[in-house]
Amino acid sequence: MSVEQVLDELKVKITKKLPVGVTISNVEFEGPELVIYIPEPKKFADNGDIIRNLAKDLRKRLVVRPDPGVLASPEVVIEKISKIVPEDAGITSHYFEPDTGEVIIEAEKPGIVIGRHGNTLREITKEIGWTPKVVRTPPIKSSTVKNVRQYLRDHKDERKALLKTMGRKIHREISSKDKWVRVTALGGCREVGRSCFLLSTPETKVLIDCGVNVGSDDNGTPYLYIPEVTPINQLDAVILTHAHLDHCGLVPLLYKYGFEGPVYCTPPTRDLMALLQLDFIDVAAKEGKTIPYESAMIRETLKHTITLDYGDVTDIAPDMKLTMHNAGHIIGSSIVHFHVGDGLYNIAFTGDYKYEKTRLFDQAVNNFPRIESIITESTYGGSKDIQPSRNEAELHLQQIVKETVNRGGTVLIPAFAVGRSQEVMLVLEEAIRLGIVDKIPVYLDGMIWEATAIHTTYPEYLNSDLRNLIFHKGMNPFLSECFEQVDSVEKRKDLLTNPRPGVILATSGMMNGGPIMEYLRAYGPDAKNSLVFVGYQAEGTMGRRLQKGWSEVPVHHNGRTDTIKIDLQVHTVDGFSGHSDRKQLMSYIKKMKPRPELIMTEHGDEKSCLDLASSLYRKYRIETKAPMNLETIRLV
Ligand SMILES: [Zn+2]
Ligand SMILES: [Zn+2]
């Protein structure tokens, strides 16, 4: 049966189930969703159960949208909303999502926009056709979020056409009678960086992550040229666990090579990914390295991205359903779970995860409806990779900051813009507020401020303690006056030439470039300063060299390379990592429900992957493997 016929049948089926007087104008597959267009949104709103019952009957992700014809223009909508909503609601912006027929109303007091028993909101719905969604105005504005939303709005027609094409592909008829499932390692096995897996069935091929090893000049790219993957446009989809470059850095390259399918990820991952990819090519250009793709390909990626929230079960191919779950690693990070065939097989890829509650996130999910195998990260998979507790780590950091500041020095902290930076910010803010550390300035350079803004845009992805602090107690730690954003060349120059006691938190996290290198140049030769590593330093990176105690390192500057002497104190504060340590990796599996049949280890150096695999086997008697890159494992 062709997709057209399927849609025609669905239309008849749906129409039959509707109450008298309620009509639909069209049904269409758009991306993974079945969209029902309705000419009279109000009537649907009054019959709340219709959609729930239909979704149950049809076993599809159903979305009801007003017919584009009944959507008023944004200008008219804004005008109408302003007439209905009292002024003291403090509406700060309206975001139109033509994809979904939603208008997101940002207000300082969302309660007033909603009104008593939702009365005001209902009135808005009646007047404008669009579905209004009210959110609290993020306390820090993110230009990334604004640009991403604007870009999608500007390309709404093109995007609609893309979603329609993708939708038809997802809902195509299954053509093969064979049943098998395989996973192929394309990168990130027995190493950290360039994470990439291919999950394939006779019907479907999807990539899980497509990262780059930023620390490497030759082995930076996954094995995308092997016959299983090429031609690249035969791939059905790319699924991203999170926005770190070792997981998503080369996604735009796929579009350059002809990929036309969707990228699935959470909304924060989409925005952060764009930010980090733009920075990646920017840094590469500044360092005179080859740029793997142009910024146009980053925009192409955005255009093809379909966001999913945690827990949404979504058809991504005729024989594959995808669900994302909190991984506790960075904002929006996900453990991606695939249900293959109709009950044939279930496999999850953890990406990077933290099996412990942190200041920012809840611990990673390890409870699934069904699971036969799991591919787990092993960054700290070695038997000796035990990390101190969070509390110990925080005390250790406070101690270093105190001592350095007391001798008049400056603390440099290289950090990923996303994740560790915000954790460290929260720790320093508390220590300064409680008087544990003197009132010193904490400078934020690189994309840390912008990444923080993205955190406050998606509070539902933070743990409830932090959410409460930000929104309900009126005490947003990120807005503390101890933080100073280095937002101009002059400010940075001033910091570089006039050292002062304080903390400088700057990117990049493994010192592969970014503003931290400028600070190292300026502060490295003075013994009263400190350099503190709070995150994992991969082999081959400048961070790892400094950690090993190199006393001289080459630093690129204005197109040439200088050697600088390292006299500052180098510390490693373990325990802040967004990765699970060995104990947490073991207990993640131990407490996992249901118990998997097969565990594969990746995302760790060779020793860690092998050690974790053999320990899991010995302890829990579950079959384990530590695949090598290019290996294919047959699962069914
Ligand atoms: Zn990561
Ligand atoms: Zn990673």
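For the structure, see preceding data.
J.: I'd like a description of the overall build of the protein chain, backed by residues and values.
T.: Helices and strands together make up the secondary structure of the protein chain, namely 21 helices and 28 strands. Rg of the C-alpha trace for the protein chain: 25 Å, near the compact-globule value of 26 Å for 636 residues, within the 12% margin. Counting only C-alpha atoms, the protein chain reaches 80 × 60 × 45 Å along its principal axes. Here the protein chain holds 636 residues, and the buried ones make up 57% of them. Within the protein chain, contacts between residues at least 6 apart in sequence are counted, and of these 72% link residues at least 24 apart.

J.: Please give an account of the coordination of the zinc ion (ligand 2) that cites residues and values.
T.: Listed as protein donors to the zinc ion (ligand 2) are D246 (OD), H247 (NE2), D352 (OD) and H603 (NE2); their distances from the metal cover 2.1 to 2.2 Å. Taken together, the four donor atoms coordinating the zinc ion (ligand 2) span angles of 91 to 161° at the metal, a pattern that classifies the geometry as irregular. Taken in chain order, the donor set of the zinc ion (ligand 2) reads D-H-x104-D-x250-H. Here the zinc ion (ligand 2) and the zinc ion (ligand 1) are spaced 3.4 Å apart, and both take D352 as a donor.

J.: Lay out the packing of helix α7 (residues 143-154) against helix α11 (residues 267-286) in plain terms, naming residues and giving numbers.
T.: Their axes nearest at 10 Å, the elements α7 and α11 cross at an angle of 105°. Classified by the angle their axes make, α7 and α11 are roughly perpendicular. Contact residues: α7 offers T144, V145, V148 and L152, while α11 offers R270, D271, A274 and L275. Grouping the amino acids of the contact of α7 with α11 by side-chain chemistry returns five nonpolar, one polar and two charged.

J.: Go over the side chain of Q387, please, and point to the residues and values.
T.: Looking at the secondary structure, you find Q387 in the loop between β17 (373-377) and α13 (390-406). You can call Q387 buried: its relative accessible area is 13%. In terms of polar contacts, Q387 uses its side chain to reach the backbone amide nitrogen of G575, at 2.6 Å. In contact with Q387, not counting residues within four places along its chain, are Y380, D574, G575, F576, S577 and D581.

J.: Can you break down the sheet that holds strand β19 (residues 442-445) residue by residue, with the values?
T.: Strand order across the open sheet formed by six strands is β20-β19-β21-β18-β22-β25, with parallel pairing between neighbours. Each edge of the open sheet carries a strand with a single partner, namely β20 (483-485) and β25 (569-572). Strand-to-strand, the axes of this sheet are offset by a mean angle of 25°, without reference to chain direction. On the sheet, helix α18 (residues 516-523) packs against β18 (410-414), β19, β21 (502-506) and β22 (530-533) and is oriented at approximately 150° with respect to β18.

J.: For the environment of D385, give the residues involved together with the corresponding values.
T.: As for its position among the elements, D385 is in the loop between β17 and α13. For D385, a relative accessible area of 24% puts it in the partly exposed group. Sequence separation of D385 and Y37 is 348 residues, and the distance between their C-alpha atoms is 54 Å.

J.: So what's going on with the nonpolar core? Which residues, and what values?
T.: L207, L397, V401 and I413 are the most contacted members of the largest nonpolar core, which totals 86 residues. Residues in contact with I413, not counting those within four places in the same chain, are L397, V424, V503, I504, L505, A506, I516, V532 and V534. The next biggest cluster of nonpolar side chains, apart from the first, holds 33 residues, and it includes M166, I208, A317 and L322.

J.: Give me the lowdown on the packing of aromatic side chains, citing residues and values where you can.
T.: What the rule picks out here adds up to twelve aromatic pairs. Summarising the aromatic geometry, the rings of Y223 and Y225 are spaced 6.1 Å apart at their centres and angled 65° between planes, so their arrangement reads as edge-to-face. Summarising the aromatic geometry, the rings of Y353 and Y588 are spaced 4.4 Å apart at their centres and angled 45° between planes, so their arrangement reads as tilted. With a gap of 235 residues between them, Y353 in the loop between β16 (345-349) and β17 and Y588 in helix α20 (residues 582-590) connect regions that are remote in the sequence. Neither residue differs from the other here; Y353 and Y588 are each classed as buried. Taken together through their ring pairs, the aromatic side chains of F197, F338 and F349 make up a single cluster.

J.: Can you break down helix α6 (residues 119-128) residue by residue, with the values?
T.: By the burial criterion, the buried members of α6 are T120, L121, I124 and I128. Burial along α6 is one-sided: seen end-on, the buried residues are contained in an arc of 100°. G129 sits one or two positions beyond α6 and adopts a positive phi of about 80°.

J.: Give me the lowdown on the pattern of salt bridges, citing residues and values where you can.
T.: Evaluation of the coordinates by the stated rule reveals 37 salt bridges. Between R560 and D562 there is a salt bridge, with the nearest N and O atoms lying 3.7 Å from each other. Exposure remark for R560: the relative accessible area of 48% places this residue in the partly exposed category. If you follow the salt bridges from partner to partner, you end up with E30, E33, R61, R65 and D312 in one network.

The rules behind each value
- Residues numbered from 1 in each chain as written.
- Chains lettered and ligands numbered in written order.
- Predicted model: local features only at pLDDT ≥ 70, side-chain atom pairs only at ≥ 80, totals over all residues.
- Heavy atoms only, no water.
- Helix = DSSP H or I, 4+ residues; strand = E, 2+ residues; numbered from the N terminus.
- Rg over C-alpha atoms; globule rule 2.2 N^0.38 Å.
- Buried < 20%, exposed > 50% of the residue type's maximum accessible area, 1.4 Å probe, protein only.
- Contact = heavy atoms within 4.5 Å.
- Donors = N, O, S within 2.8 Å, 3.2 Å for Na, K, Ca; no water.
- Tetrahedral: all angles 85-135°; square planar, octahedral: opposite > 155°, others 65-115°.
- Axes fitted to C-alpha atoms, helices over the stretch in contact; angles between N-to-C directions.
- Parallel < 35°, antiparallel > 145°, perpendicular 65-115°, else oblique.
- Nonpolar A, V, L, I, M, F, W, Y, C, P; charged D, E, K, R; others polar.
- Polar contact = N/O pair within 3.5 Å; in protein donor to acceptor, adjacent residues only side chain to side chain.
- Pairing = 2+ DSSP bridges.
- Core = buried A, V, L, I, M, F, W, Y, C linked by side-chain atoms within 4.5 Å.
- Phe/Tyr/Trp six-rings, centres within 6.5 Å; stacked < 30°, edge-to-face > 60°.
- Arc of directions from axis to C-beta.
- Salt bridge = Lys/Arg side-chain N within 4 Å of Asp/Glu carboxyl O.

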